[in-house]
Amino acid sequence: MLKIAVNEINRLFDAIAAVENLYLPVEKGGEVEFGAYSADAKVRLDALQTVKSAKDMFFPFSENLMKFHVEGKQISVEAAEKVNEEFVVFGVRACDARSFSILDKVFLADPVDTYYAARREHGVVVSMACSRPEETCFCSAFGIDATKPEGDVVTWVADGVLYWEAQTEKGAALTEKVAEVLAESDSAAVEAQQAAVKAIMEKLPLAGLDLSYFTSRPELEIFKRPEWTELSSHCLGCGTCTFVCPTCQCYDVRDFDNGHGIERYRCWDSCMYRDFTMMAHGTNRKTQVERFRQRFMHKLVYNPKNRDGEFGCVGCGRCLKKCPVNMNIVKVAKTLSAGGEQA
Amino acid sequence: MREIKELLVQKINELLDNGTVDRVAGWKAGEFCYDAAPAVFTKENIDELLYNGFCGANQSKFLVNAATTENRILALLKPCDTYSYNQLVKEHRVDPSRVYALGIPCTGMVDVNKIKALGITGITGIEEDGENLKIATIYGDASCKKCDVLLERCMVCKGKNHVAGDEMLIPDEEAPETPSCADRMAEVARLEAMTEEERFNFWREQLSKCIRCNACRNACPACTCRTCVFDNAKSGLAAKVNNTDFEENMFHIIRAFHVAGRCTDCGECSRVCPQNIPLHLLNRKFIKDINEFYGEFQAGADTTTKGPLTSFTKEDCEPSIVMERGE
Ligand code: SF4
Ligand code: SF4
Ligand code: SF4
Ligand code: SF4
């Protein structure tokens with residue numbers, strides 16, 4: 001294990017930034033998001049979570065796919081360049097770190113999404129263990145260890161020291177590049193923190209969330225539960241839950257007319273929207289109940305069914321914090337589990 | 001609040017039993033002590049109704065779609081909610097004959113995000129203790145001033161009087177006082193005092209956080225267009241993302257213009273914004289200007305007065321005054 005004092009952490013960031021593009025949690029207008037490192041960036045490693053999740057670094061909110069230029073009768077097409085330089089995403093929490101493997105199964109499956117694949121290939125994930133989980137966290141329900149996140153490198157911050165350990169070849173390669181600012185260390189402080197945080201994790205109000213109902217009952221039975229109507233009664237169809245969610249993966253492709261041509265881009269979409277998967281004949285989900293149900297069926301039923309029992313949720317709790325009407329996956333899961341026949 | 005809750009449950013049961021209404025738009029307890037989710041109740045589950053210091057969500061807009069049945073729905077309206085309700089009635093978006101509006105008292109609603117922003121996390125319990133809140137967390141006890149963590153609209157509460165309602169749970173004169181923690185226009189004045197460049201930078205920093213989730217628009221009681229121009233594929237403006245800085249600004253500026261003179265300053269936009277963008281400041285700037293140009297006006301104060309921007313009187317200020325004033 002390696003280490004560096006937190007009050008010297010800029011030496012580490014400078015060392016990384018000297019060899020790779022570095023992104024990490026930075027504060028802007030009072031909120032924290034992943035952003036580029038610079039000397040005057042307000043780095044906020046103390047923030048438990050960013051508003052948008054770290055998926056933004058690999059499957060961005062919006063990205064250009066191609067441009068069409070029109071000049072007289074000439075139309076030229078220019079494909080957007082794929083990411084081809086290494087970059088580091090520093091400070092990814094365990095929940096977000098797990099979300100990458102859920103997204104991989106969608107975007108790296110045939111047909112491979114080459115934009116996403118390029119970012120995954122060139123991106124190095126430096127994760128950071130949690131020392132102060134919140135009451136909304138329930139990553140443990142998905143077998144995620146918040147005290148030792150996945151990632152190419154894992155870090156811990158304990159008693160003013162940042163500890164660093166490579167977990168993959170990519171991580172080892174990055175470690176070599178920045179080795180001069182890191183010192184050897186034993187792991188006593190890390191182990192002590194891990195034990196303390198594990199004890200807290202057990203005490204969290206949502207720690208024992210049981211999702212077995214969703215993998216043990218027939219899909220159609222869950223789909224037809226009358227409770228969907230009540231659960232969705234106040235849903236605004238705003239899409240906040242999908243935009244802050246690290247595992248939501250739907251996107252739209254649109255054209256933007258910039259006055260001299262067209263920029264074709266893709267951006268996050270939301271199954272909570274009326275025009276989601278709109279087709280010539282209209283939409284398949286005409287009511288908010290149906291849209292709402294789709295989001296949670298996807299996460300709790302279709303995902304585990306099609307992906308070896310893996311749920312489409314990592315328990316980050318963002319939707320619990322951000323839904324304007326306080327509706328979220330935990331309430332859906334508890335309501336349906338409580339009223340449902342058990343296997 | 002406990003006595004009020006008891007009175008409320010009694011009153012609701014009475015209205016359900018005598019057939020005045022068949023359901024209630026209220027709030028329901030959730031996972032956490034501060035979790036009060038808007039929900040609909042019937043006789044069967046009315047004992048799950050909650051009314052405490054976290055019931056900030058404004059129920060008025062919900063009525064646009066909910067108050068369409070033959071049987072009336074009971075709407076529990078805090079004093080501020082009655083302004084939104086009036087405005088919706090005035091714009092014929094809610095049919096008051098399908099609603100039974102019960103005015104309920106309020107002593108200020110807490111914004112738990114403000115508590116969390118103070119670094120108080122892992123919250124397991126919150127108790128009122130005079131002017132303070134005592135907060136229990138998994139990391140130990142903490143406390144803060146209630147005035148520091150109220151919803152933006154409650155900091156500058158319009159007062160304890162209801163401006164609409166078929167009935168009041170308790171007469172307004174007997175209701176407890178509502179909080180008053182800040183000057184409503186202080187922040188607007190601070191922005192006005194900035195140089196143009198400072199002000200532009202302030203808004204760019206804030207608006208560039210926007211993820212176009214539409215929560216502000218969808219929660220807004222003044223935004224009730226059936227198809228918003230920003231969703232209408234034929235408008236040429238429909239988008240799910242802000243493509244440029246210009247679009248980022250435009251979405252909010254258009255929205256602020258469209259609700260100008262109709263916005264009651266209920267603050268739902270700021271309450272629901274996941275990025276904590278102080279959207280209410282755009283609306284308050286409009287309100288301040290309207291008050292200065294056309295005389296004091298409060299949208300939603302009644303259901304009949306013509307709005308300052310939708311009527312013409314000889315006293316209206318000359319457009320040139322507006323032109324000159326704008327730098
Ligand atoms: S569940 Fe909540 S966050 Fe999601 S679309 Fe509905 S209102 Fe918005
Ligand atoms: S569904 Fe909610 S808790 Fe689960 S990963 Fe998405 S935002 Fe996080
Ligand atoms: S959900 Fe788990 S991993 Fe994510 S921030 Fe909370 S404790 Fe950390
Ligand atoms: S709620 Fe906030 S983030 Fe969402 S569209 Fe409105 S301003 Fe943007």
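Residues numbered from 1 in each chain as written. Chains lettered and ligands numbered in written order. Predicted model: local features only at pLDDT ≥ 70, side-chain atom pairs only at ≥ 80, totals over all residues. Heavy atoms only, no water.

J.: Can you lay out the interface of chain B and chain A for me, pointing to particular residues and giving the numbers?
T.: Listed per partner, the contact involves 48 residues of chain B and 47 residues of chain A. Contact between chain B and chain A buries roughly 3900 Å² in total, counting both sides, with carbon and sulfur atoms accounting for 54%. Three residues, Glu31(B), Tyr139(B) and Lys240(B), lead the burial of chain B against chain A; their summed loss comes to 19% of the area buried on that side. One salt bridge in this structure joins Asp252(A) and Lys240(B), with 2.9 Å as the shortest N-O distance. Scanning the region where chain B abuts chain A turns up 29 residue pairs in polar contact (both at pLDDT 80 or more). When contributions to the side of chain B that touches chain A are tallied by element, the ones reaching two or more residues are β2 (36–41), α7 (196–207), α8 (215–219) and α10 (268–272) of chain B. Here the side of chain B that touches chain A takes five residues from β2(B), the largest share from any one element. Its residues assigned to classes, the side of chain B that touches chain A comprises 21 nonpolar, 15 polar and twelve charged. (Contact = heavy atoms within 4.5 Å. Buried area = accessible area lost by both parts, 1.4 Å probe. Salt bridge = Lys/Arg side-chain N within 4 Å of Asp/Glu carboxyl O. Polar contact = N/O pair within 3.5 Å; in protein donor to acceptor, adjacent residues only side chain to side chain. Helix = DSSP H or I, 4+ residues; strand = E, 2+ residues; numbered from the N terminus. Nonpolar A, V, L, I, M, F, W, Y, C, P; charged D, E, K, R; others polar.)

J.: Let's hear about the site of ligand 4: which residues, and what values?
T.: Around ligand 4 sit 13 residues in total, of which Cys210(B), Cys213(B), Cys216(B), His252(B) and Cys273(B) are the nearest. Looking at the shell around ligand 4, the elements with two or more residues in it are α8 and α9 (245–259) of chain B. (Near = heavy atom within 4 Å.)

J.: Now, about the domain arrangement of chain A: what can you tell me, with residues and values included?
T.: Residue and element names in this part refer to chain A. Splitting chain A by domain gives domain 1 (2–203) and domain 2 (213–342). The centre of domain 1, based on its C-alpha atoms, is set 25 Å off from the matching centre of domain 2. Contacts between the two partners involve 40 residues from domain 1 and, on the opposite side, 34 residues from domain 2. Taking both partners together, domain 1 and domain 2 bury about 3200 Å²; carbon and sulfur atoms supply 58% of that area. When the area that domain 1 buries against domain 2 is broken down by residue, the three leading residues are Lys 55, Phe 68 and Ile 102, summing to 18%. At the boundary of domain 1 with domain 2, the tally comes to five salt bridges. For the salt bridge of Glu 310 with Lys 105, the shortest nitrogen-to-oxygen distance reads 2.8 Å. Our enumeration of links across domain 1 and domain 2 arrives at 20 residue pairs in polar contact (both at pLDDT 80 or more). Every element with two or more residues in the side of domain 1 that touches domain 2 is listed here: β4 (62–71), α2 (94–107) and α3 (114–122). In terms of residues, the side of domain 1 that touches domain 2 owes the most to one element, α2, which gives ten residues. (Domains from an automatic or database assignment.)

J.: Lay out the domain arrangement of chain B in plain terms, naming residues and giving numbers.
T.: Residue and element names in this part refer to chain B. Each domain of chain B was delimited in the assignment, giving domain 1 (2–110 + 158–174), domain 2 (112–149) and domain 3 (186–326). The centre of domain 1, based on its C-alpha atoms, is set 27 Å off from the matching centre of domain 2. Tallying the contact residues gives six residues for domain 1 and ten residues for domain 2. Carbon and sulfur atoms make up 67% of the surface buried where domain 1 meets domain 2, a total of about 670 Å² over both sides. Summed over the three residues of domain 1 that lose the most area to domain 2, namely Cys 33, Tyr 34 and Val 110, the buried surface amounts to 71% of that side. Linking domain 1 with domain 2 are zero salt bridges, by the criterion used here. Between domain 1 and domain 2 we count two residue pairs in polar contact (both at pLDDT 80 or more) in total. Considering only residue class, the side of domain 1 that touches domain 2 consists of four nonpolar, two polar and no charged.

J.: I'd like to hear about the packing of helix α10 (residues 288–306) of chain A against helix α12 (residues 329–339) of chain A, residue by residue, with values.
T.: Residues and elements named next belong to chain A. At their nearest, the axes of α10 and α12 sit 11 Å apart, and the two run at 80° to each other. Accordingly, the angle class assigned to the pair α10 and α12 is roughly perpendicular. Between α10, through Phe 292, Phe 296, Lys 299 and Leu 300, and α12, the contact on the second element is made entirely by Ile 329, Val 332 and Ala 333. Among the residues forming the contact of α10 with α12, the class breakdown is six nonpolar, no polar and one charged. (Axes fitted to C-alpha atoms, helices over the stretch in contact; angles between N-to-C directions. Parallel < 35°, antiparallel > 145°, perpendicular 65-115°, else oblique.)

J.: Residue-level account of the sheet that holds strand β5 (residues 74–79) of chain A, with values.
T.: Residue and element names in this part refer to chain A. Taken together, the four strands give an open sheet; going across it, the order is β5-β4-β12-β11, and neighbouring strands pair in antiparallel fashion. Single-partner strands in this sheet number two, and they are β5 and β11 (251–257). In this sheet, neighbouring strand axes are inclined to one another by 20° on average, regardless of whether the strands run parallel or antiparallel. In this structure, β4 lies alongside strand β12 (residues 261–268), joined through seven bridges in antiparallel fashion. Each residue of the ladder has a partner; that of Glu 63, found in β12, is Arg 266. (Pairing = 2+ DSSP bridges.)

J.: Please set out the site of ligand 3 residue by residue, giving values where relevant.
T.: As a structural note, the neighbourhood of ligand 3 is formed by Leu48(A), Gln49(A), Ala94(A), Cys95(A), Cys130(A), Pro133(A), Cys137(A), Cys139(A), Ala146(A), Gly315(A) and Cys316(A). A class-by-class count of the residues in the shell around ligand 3 yields nine nonpolar, two polar and no charged.

J.: Tell me about the pairing of strand β9 (residues 161–166) of chain A, and name the residues and values.
T.: Residue and element names in this part refer to chain A. In the sheet, strand β1 (residues 2–5) pairs with β9 via four bridges, with the strands oriented antiparallel. Paired with Lys 3 across the bridge in β9 is Tyr 163. Two elements, strand β8 (residues 153–158) and β9, share six bridges in a ladder whose sense is antiparallel. When the bridges of β9 are listed, Thr 155 appears paired with Trp 164. The antiparallel hairpin formed by β8 and β9 contains two residues in its connecting segment, where Asp 159 sits at a positive phi of about 50°.

J.: Can you explain empty space enclosed by the protein? Please cite residues and give values.
T.: If a probe as big as a water molecule is rolled over the atoms, it shows which places are left empty. Residue and element names in this part refer to chain B. Within the structure shown, the criterion is met by ten cavities of 30 Å³ or more. Lining the largest cavity are 17 residues, and of these Cys 220, Pro 221, Cys 263, Thr 264 and Cys 266 lie nearest its centre. Listed by contribution, the elements that provide at least two residues to the lining of the largest cavity are α3 (79–90), α9, α10 and α11 (280–294). A per-class count over the lining of the largest cavity returns seven nonpolar, six polar and four charged. (1 Å grid on protein atoms, 1.4 Å probe; cavity = no way out; pocket = protein on both sides within 12 Å on 5 of 7 lines; lining within 4 Å. Points joined across faces, edges and corners; volume = space filled by probe spheres on them.)

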